[in-house]
Amino acid sequence: MTDTAEFLIIGGGLEGLAIAWSLAERGATEVLVLERATLCSGMTGKSSGVVRCHYGAPSLAAMSWWSVPFFENAAEILGDDLGFRQCGYAVGVGADNLDPLLANVAMQQALGIEVELLGHDEMATLWPGLRVDDFAGFAYEPRGGRGEAYLTGMAFGAAARRRGVRIRQQSPVLELISKGDNVIGVRLADGTEVHAANVVLAAGPWTPGLAATAGVEVDVKAQRAQLLLIDQGEPLPPVPVLSDLVSLQYLCREPNGELLAGNSDHAVPEYIDPDDFVNRADDSTVEKVVGRLERRLPDMPDPRITGSYVGAYDVTPDYNPIIGPAPVPGLFLATGFSGHGFKISPAVGRLVADLLLDGRTDLPNVEAADFRYTRFAEGRPLISPHPYLGAGEMR
Ligand SMILES: Cc1cc2nc3c(=O)[nH]c(=O)nc-3n(C[C@H](O)[C@H](O)[C@H](O)COP(=O)(O)OP(=O)(O)OC[C@H]3O[C@@H](n4cnc5c(N)ncnc54)[C@H](O)[C@@H]3O)c2cc1C
């Protein structure tokens, strides 16, 4: 049995579904998504959902900024509430990182991003009880906040279906099928085939294995991310998301008033098998997080860890995504989102649809070539001109 499509997307996670919707929105017909399990059951379900534009690479900052009004108006655009909470986003740095902060904010403001520098008193007002004296400066995005990646992916999926996209769940792709150098479709685990003019590989950390079946090497690894949930002893009031680049952690309020603590120290990354890992934080991480929290929120009334879990960032060597044609005709890559994939997902969908349909994009201030597959082999990775000391390449 052979099915056919014009655009075949492998992976029914947030990115695959955003791409499917955007293609349909731009008028593409015959779009098919193949998902090996259920929609958004991959790393999308683990996402912290932070929305910020604080990036050093202008194209990435611009993709985030383009996505902000999309999140704000999602109910109208996609017909669903995505759970976006515009609680604001703050990043705080120590004295050694003040110059990069100022340079990044200037670049972001030049792109039109709403971001301002904050004083210590203002930050302390936004987050009562936060210790601020060891920060040298803050940047604040009032339109940043947190969304729900699962809800967002499902909303893209539902809206895509309404526009005629076909979505097949429980349909694992075994391998890509090539004719000569061209990728012409996929073989599923049940032996059936789907032939397509364009195959889009958006399978998160599972991408390299599938790409290899067409002889394409994709340098994406699954980097362990450990997250902790903390009950402070009383519900946290609405506070902004905070990237604490002094303690190398990020903190945000969960909808139930708990605190979510994530790690921003990527100096020594650990890689895992995305199909086989222990889904809870290890003891040394718990100890590290407790130490960081005692220092940052010293007055928590009766703190208690309520849970932890583990996800895998699909990271590239420069911690920026690969979005563009693969080195074999017929195959397009949208992978390696390196922990940025939620906030830019609306722009990713649009960018991929533009590139597939027109070969170019008019997304403002986005250089599509920045995300090209070949940049690593060329020795020209996409790196922030103003990196933060100690924070690795993730911003
Ligand atoms: C712990 C964690 C926290 C994060 N926090 C943030 C954040 O705060 N802000 C932010 O912007 N981003 C964040 N991200 C990143 C963001 O959530 C991801 O980039 C995004 O959700 C990835 O979507 P995806 O569709 O590329 O991958 P996935 O959601 O992993 O989807 C890939 C899909 O491909 C399917 N698949 C795999 N193999 C096959 C096959 N053989 N055949 C068919 N289907 C297949 C999988 O089942 C899966 O559903 C975070 C990520 C993690 C892991």
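Residues numbered from 1 in each chain as written. Predicted model: local features only at pLDDT ≥ 70, side-chain atom pairs only at ≥ 80, totals over all residues. Heavy atoms only, no water.

### Considerations on the site of the ligand
The condition that has to hold: The criterion for a residue being near a molecule or strand is simple. One of its heavy atoms has to lie within 4 Å of it. In protein, a polar contact means a hydrogen-donor-capable atom and an acceptor-capable atom, both N or O and within 3.5 Å, with residues adjacent in sequence counting only if both atoms are side-chain atoms; elsewhere, any N or O pair within 3.5 Å suffices. We count a stretch as a helix when DSSP gives it H or I for four or more residues in a row; a strand needs E for two or more, and each element gets its number in order from the N terminus. Three categories are distinguished: nonpolar for Ala, Val, Leu, Ile, Met, Phe, Trp, Tyr, Cys and Pro, charged for Asp, Glu, Lys and Arg, and polar for the others, with Gly belonging to the last. For each domain, the first and last residues come from an automatic or database assignment.
In the vicinity of the ligand lie 35 residues, with Glu-35, Thr-44, Ser-47, Val-50 and Lys-343 positioned nearest. Note that an oxygen atom of the ligand is positioned 3.0 Å from one of the backbone N or O atoms of Glu-15. A distance of 3.0 Å separates a nitrogen atom of the ligand from a polar backbone atom of Arg-36. Listing elements by their share of the shell around the ligand, those giving two or more residues are helix H1 (14-25), strand E12 (221-231) and strand E16 (304-315). Classifying every residue of the shell around the ligand gives 18 nonpolar, 12 polar and five charged. When residues of the shell around the ligand are assigned to domains, at least three fall in each of domain 1 (2-47 + 150-219 + 318-375) and domain 2 (86-143 + 221-315).

### Things to note about the environment of Tyr-271
Selection criterion: Residue burial is assigned from relative accessible area. The probe radius is 1.4 Å, only protein chains are included, and a residue is buried under 20% of its type maximum, exposed over 50%, and partly exposed in between. Contacts were defined at the residue level, with two residues in contact if any of their heavy atoms lie within 4.5 Å.
Note on placement: Tyr-271 falls in the loop between strand E15 (259-263) and helix H8 (283-296). The exposure class assigned to Tyr-271 is partly exposed, which follows from its relative accessible area of 43%. Those residues in contact with Tyr-271 that sit more than four places away from it in its chain are Lys-221, Ala-222, Gln-223 and Val-315.

### Examining helix H2 (residues 58-72)
Heads up, the rule is: One less than the number of residues in a helix, times 1.5 Å, gives the span that helix is expected to have.
Between the first and last C-alpha of H2 there are 22 Å, a value that for 15 residues agrees with the 21 Å anticipated at 1.5 Å per step. Counting buried residues in H2 gives 11 out of 15 residues, a clear majority hidden from the surface. Ser-59, Leu-60, Ala-61, Ala-62, Met-63, Ser-64, Trp-65, Ser-67, Val-68, Phe-70 and Phe-71 are the residues of H2 that are buried.

### Some points on the domain arrangement of the protein chain
One frequent convention defines the size of an interface as the accessible area lost when the parts assemble. Quick reminder of the rule: Summed over both partners, buried area is the accessible surface (1.4 Å probe) that two parts give up on being assembled. We count a salt bridge whenever a side-chain nitrogen from Lys or Arg sits within 4 Å of a carboxyl oxygen from Asp or Glu.
What the domain assignment reports for the protein chain is domain 1 (2-47 + 150-219 + 318-375) and domain 2 (86-143 + 221-315). Of note, the centres of domain 1 and domain 2, computed from C-alpha atoms alone, are 30 Å apart. Roughly 1200 Å² of surface becomes buried between domain 1 and domain 2 when both sides are summed, with 54% attributable to carbon and sulfur atoms. On the domain 1 side of the contact with domain 2, Met-43, Lys-46 and Tyr-319 bury the most area, a combined 42% of that side's loss. Taken together, domain 1 and domain 2 are joined by two salt bridges. With its nearest N and O atoms 3.7 Å apart, the salt bridge here joins Lys-221 to Asp-219.

### A word on the packing of H1 against helix H6 (residues 149-162)
Test applied: Only C-alpha atoms enter the line fits that serve as axes; for helices the fit covers just the stretch in contact. Angles between N-to-C directions range over 0 to 180 degrees. By the definition adopted for this analysis, an angle is roughly parallel if under 35 degrees, roughly antiparallel if over 145, roughly perpendicular if from 65 to 115, and oblique otherwise. Rotating anticlockwise by less than a right angle from the far helix to the near helix defines a left-handed crossing, while the corresponding clockwise rotation defines a right-handed one.
With their axes 8 Å apart at the nearest point, H1 and H6 run at an angle of 30 degrees to one another. Classified by the angle between their axes, H1 and H6 sit roughly parallel to one another. Here H1 and H6 pass one another in a crossing that is left-handed. Contacts between H1 and H6 involve Leu-14, Leu-17, Ala-18, Ala-20 and Trp-21 from the first element and Ala-149, Thr-152, Gly-153, Phe-156, Gly-157, Ala-159 and Ala-160 from the second. Across the contact of H1 with H6, the residue classes tally to nine nonpolar, three polar and no charged.

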